[in-house]
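Structural overview for review
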Amino acid sequence: MRPMIIHTPHFPPKGFHAITLFPFVFYNGDALMERDIRHETVHLWQQAVLLVVPFYLLYLIFWVINLLRFHNLDRAYREIPFERSAYRLENRTDITWKDKSFDWLKT
């Protein structure tokens, strides 16, 4: 499964290069690099396995908890298990759907 990639001038918001909203990846700025596509594809699989809505609820809960822990927006984002997994896997070309879908549980 690969995402449908859409270039938009104003979305995602400033500070973000791309965002996955199942089954689309929206990006602004320059073309996405293959690494970025792999990162967003990991999120696509995470969303699919968790049936989309629970993914976003967990993502928000993890972000709020991290924000309370670290008092830093960037660190709160980077410590979300879904993001840690996607950053860990984005440089690999040999990952399976199980890696993409369930690696976040290892964090």
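So, how was this worked out
- Residues numbered from 1 in each chain as written.
- Predicted model: local features only at pLDDT ≥ 70, side-chain atom pairs only at ≥ 80, totals over all residues.
- Heavy atoms only, no water.
- Helix = DSSP H or I, 4+ residues; strand = E, 2+ residues; numbered from the N terminus.
- Buried < 20%, exposed > 50% of the residue type's maximum accessible area, 1.4 Å probe, protein only.
- Phe/Tyr/Trp six-rings, centres within 6.5 Å; stacked < 30°, edge-to-face > 60°.
- Pairing = 2+ DSSP bridges.
- Axes fitted to C-alpha atoms, helices over the stretch in contact; angles between N-to-C directions.
- Contact = heavy atoms within 4.5 Å.
- Salt bridge = Lys/Arg side-chain N within 4 Å of Asp/Glu carboxyl O.
- Core = buried A, V, L, I, M, F, W, Y, C linked by side-chain atoms within 4.5 Å.
- Expected span 1.5 Å × (residues − 1).

1. Here we look at the environment of Ile 19
Position of Ile 19 relative to the elements: it lies in strand 2 (residues 18–21). Ile 19 gets classed as partly exposed once you look at its relative accessible area, which sits at 27%. On a C-alpha basis, the gap between Ile 19 and Glu 40 in space is 7.1 Å, while along the polypeptide they are 21 residues apart.

2. Topic: the packing of aromatic side chains
One pass over the full model with this rule turns up 13 aromatic pairs. Here Phe 24 and Phe 26 contribute two aromatic rings whose centre-to-centre distance is 5.9 Å and whose plane-to-plane angle is 45 degrees, an arrangement assigned as tilted. Judged by its relative accessible area of 29%, Phe 24 is partly exposed. You can call Phe 26 buried: its relative accessible area is 17%. Measuring from ring centre to ring centre gives 6.4 Å for Phe 62 and Trp 104, while their planes differ by 65 degrees; the resulting arrangement is edge-to-face.

3. Quick look at the sheet that holds strand 2
Sheets are built from strands that pair by backbone hydrogen bonding, the pairs being arranged parallel or antiparallel. If you walk across this open sheet you meet the three strands as 1-3-2, and the pairing is mixed. Strands at the two margins of the open sheet, each flanked by one partner only, are strand 1 (4–7) and strand 2. The mean inter-strand angle of the sheet, taken between neighbouring strand axes irrespective of direction, is 25 degrees. The sheet contacts of helix 1 (residues 34–49) involve strand 1, strand 2 and strand 3 (24–27), and relative to strand 2 the element is tilted by about 25 degrees.

4. Comments concerning the pattern of salt bridges
One side chain can pair with another of opposite charge once the charged atoms of both are near each other. All chains considered together, the criterion is met by 10 salt bridges. A salt bridge links Glu 90 to Arg 35; the nearest nitrogen and oxygen atoms lie 3.5 Å apart. Highlighted residues: Glu 90 in the loop between helix 4 (81–89) and helix 5 (97–102) and Arg 35 in helix 1, separated in sequence by 55 residues. Given a relative accessible area of 10%, Glu 90 falls into the buried group. Its salt-bridge partner being Asp 94, residue Arg 92 comes within 3.0 Å of it at the nearest N-O pair. A relative accessible area of 52% places Asp 94 in the exposed class. Via salt bridges that share partners, Arg 35, Asp 36 and Glu 90 belong to a single interconnected network.

5. Points about the nonpolar core
Of all hydrophobic cores here, the largest spans seven residues; its members are Leu 50, Phe 55, Tyr 59, Tyr 77, Ile 80, Phe 82 and Trp 104. When sequence neighbours within four positions are dropped, the list of residues in contact with Tyr 77 reads His 39, Tyr 59, Trp 63, Glu 83 and Tyr 87. The next biggest cluster of nonpolar side chains, apart from the first, holds five residues, and it includes Ala 18, Val 25, Tyr 27 and Ile 37.

6. Some thoughts on helix 1
Taking 1.5 Å per residue, 16 residues should reach 22 Å; helix 1 reaches 23 Å between its end C-alpha atoms and fits that length. Of all 16 residues that make up helix 1, 12 are buried, and the element is covered over most of its length. With its phi angle positive at about 65 degrees, Leu 51 sits one or two positions after the end of helix 1.

In short, shape yes, function no, at least from these values alone.
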